[in-house]
Structures are given as structure tokens and as C-alpha cells.
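# Fold and contact review
What follows is the residue order along each chain.
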Amino acid sequence: AVFVGYINFDRIIGGPAYRAIYEAALKLVELNVIKEVTFAVVTSQLTADYMGVDSTPVFRMYLWNETKEYNGLHVGENLVRWVVRNIHQVTVWLTPPGIKSLTLAPYISDGPVLIMFTPTLSFQNYDMLREIALEYYNCQKHQSVSLLARYIAYHLEEKILQLKHLDIVCEKQKSKEENFNIPVQIINQPWNNSSFVKNRKQSKLGWADSICQLGANKQTILNYYMF
């Protein structure tokens, strides 16, 4: 579902209407983390005219098969309650709390229901279920619903291709890490730089004088530091 607010920003910057839709969007994100309800604001009068909006502000919720208009007060809490009460979807994402609960009860008590158990991050599986549900409920073969189903199918195919490409990249990276060996040489006799210690004690300049003894040119000194 898409909730759209047609708001005129010419005379006042947003005003109560914009604050209401902003607060409602934040609240619904808390209730539904996968954002099954998207919020948008239209400030162009030309766009509003094209969508059949004569005066602003106007709030509309575009569902998969119909459009509903909000006629209440411009208050965030009222908008949230109205959206939750009026939205209807072909699929619903549920997150049971992990203990005995009645989360599934409202959906399985009215008759047969198709339930898909999937990890939270596997949104491609949920998109597939949405596509199937849209085609199932589109008994009248409405063009807009069919276009929405094809749109979901197209993006689902893109996601699958991206995941396959990511798997290939990860396998190559894993192979590189497994084949990367740092050469290590073990010497039984410990190294003792007695000459460096001796020169350091004899020199008034300390370690700087010992470095300078390696060579008179700057390249030799630079190579020593880099090593």
C-alpha cells in the first residue's frame, strides 16, 4: 500500500498536514519493519491535478485493487489507526514472538490459508508469495493488478541474479584467502645485532648515527625505513 499526502507548500511549509503524515510514517515503521505501507508527499499542483486532486491537503491510500481517501483530522495517531483499520493485503508478514501466542489465529480461523515459513532476510521468497497471491485474487483480470504482479516478478528475478552473482564473488574471495600463504622461515639461532648496539653506545647521536652509517645517499636510508 502507498499512502500519499497531497500538500501545498506555497503558503506554509508543510503545516499540520505534513507533520501528521511524517509522524504516522515513523510510527508505522516501528510497527512494521518491512515497510508494507509506503508514505509519499506530493507538493506539485500539476501532479495533484493529474491525479484528480482539486484541493489540498488530501490524504489517499492506494491499495492493490482500490483507492481510499482519509477524511479525518490531521493528527499522526489518527492516521495510523485509519491505515491499520482500512488496509487489506493479499499477503501479510508476521513475526511470532517465539512463545505460545495467538498471532496466527486471526488468519487461520476463517478458512484455508497458505503459510510460508522463511527467514527474515529472505525477502525474495516473500516477493514470490506476493506475486502468486496477486494473480490468485485477480479474478477479473484487472490490468493494474497484472502489471503490479509482473513488476514484482521482474524485480524478483533481478534479486535472484544479484544473489547468484554475490555467491560467485564470495566463493572467489574465499578461494583467494585459502590460497594466500605468508612465507615463514624459522631460525633456531636467535639474531643478535651486536654491531648496531655497539655503534649506538659509541655514537653521541644515538640510533640516527647508526642509520647514517648504512649509506651516504638518501635512497639507502629510505629503504631502511621502509623495510
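Scroll up for the structure.
Residues numbered from 1 in each chain as written. Predicted model: local features only at pLDDT ≥ 70, side-chain atom pairs only at ≥ 80, totals over all residues. Heavy atoms only, no water.

## Things to note about the overall build of the chain
- Helices and strands together make up the secondary structure of the chain, namely nine helices and four strands.
- Counting from the amino terminus, the chain carries its helices and strands in the arrangement β-α-β-α-β-β-α-α-α-α-α-α-α.
- Split into buried and exposed, the 227 residues of the chain put 24% on the buried side.
- Long-range contacts, defined as pairs at least 24 residues apart, comprise 56% of the intrachain contacts of the chain with a sequence gap of at least 6.
- For the chain, the exposed area adds up to about 17,800 Å²; of that, 58% sits on carbon and sulfur atoms. (Helix = DSSP H or I, 4+ residues; strand = E, 2+ residues; numbered from the N terminus. Buried < 20%, exposed > 50% of the residue type's maximum accessible area, 1.4 Å probe, protein only. Contact = heavy atoms within 4.5 Å. Areas by Shrake-Rupley, 256 points an atom, 1.4 Å probe, with all protein chains shown as cover.)

## Considering the packing of aromatic side chains
- Going through the model one piece at a time under the given rule, you end up with nine aromatic pairs.
- Ring geometry for Phe3 versus Phe39: centroids 5.2 Å apart, planes at 45°, classification tilted. Taken together, the residues Phe3 in strand β1 (residues 2-6) and Phe39 in strand β2 (residues 38-42) connect sequence positions 36 residues apart.
- Aromatic rings pair up to connect Phe3, Phe39, Phe59, Tyr70 and Trp82 into one cluster. (Phe/Tyr/Trp six-rings, centres within 6.5 Å; stacked < 30°, edge-to-face > 60°.)

## Observations regarding a nonpolar patch on the surface
- Side chains of Val92, Leu104, Tyr107, Ile108, Val113, Ile115 and Phe117 sit close together on the surface and give an oily, nonpolar patch of about 640 Å² of accessible area.
- Mapped onto the elements of the fold, Phe117 is located in the loop between α4 (105-108) and α5 (123-137).
- Phe117 gets classed as exposed once you look at its relative accessible area, which sits at 74%. (Patch = residues over 30% accessible without salt bridge, like charges linked within 9 Å, V, L, I, M, F, W, Y side chains within 5 Å. Salt bridge = Lys/Arg side-chain N within 4 Å of Asp/Glu carboxyl O.)

## Examining the nonpolar core
- Residues Phe3, Val37, Phe59, Met61, Leu79, Trp82 and Val83 are the most contacted members of the largest nonpolar core, which totals 17 residues.
- Elements supplying a minimum of two residues to this core: α1 (15-31), β3 (58-62) and α3 (76-86).
- Counting residues per element, this core draws most heavily on α1, at five residues.
- Apart from the residues within four sequence positions on either side, Phe59 is in contact with Phe3, Val4, Gly5, Ile7, Ala17, Ile21, Lys68, Glu69, Tyr70, His74 and Leu79. (Core = buried A, V, L, I, M, F, W, Y, C linked by side-chain atoms within 4.5 Å.)

## A closer look at the sheet that holds β3
- Pairing within the open sheet is mixed, and its four strands lie in the order β2-β1-β3-β4. Whereas interior strands pair on both sides, the edge strands pair on one side only; in this sheet they are β2 and β4 (67-70). Recorded for the sheet is a direction-independent mean angle of 20° between the axes of neighbouring strands.
- Relative to β2, β1 runs parallel, the two being bridged by five bridges. Residue Phe3 lies in a different strand from β2, and its bridge partner there is Phe39.
- Across the sheet, α1 is in contact with β1, β2 and β3; its angle to β2 comes to roughly 165°.
- On top of the sheet, α3 reaches β1, β3 and β4; it is set at about 155° to β4, its chief contact. (Pairing = 2+ DSSP bridges. Axes fitted to C-alpha atoms, helices over the stretch in contact; angles between N-to-C directions.)

## Here we look at the pairing of β3
- Across the five residues that make up β3, a large majority, five, are buried.
- Of the two faces of β3, the one holding Val58, Arg60 and Tyr62 and the one holding Phe59 and Met61 are both buried throughout.
- Relative to β3, β1 runs antiparallel, the two being bridged by five bridges. For Val4, the partnering residue across the bridge sits in β3 and is Arg60.
- If you look at the hairpin formed by β3 and β4, you'll find four residues sitting between the two strands.

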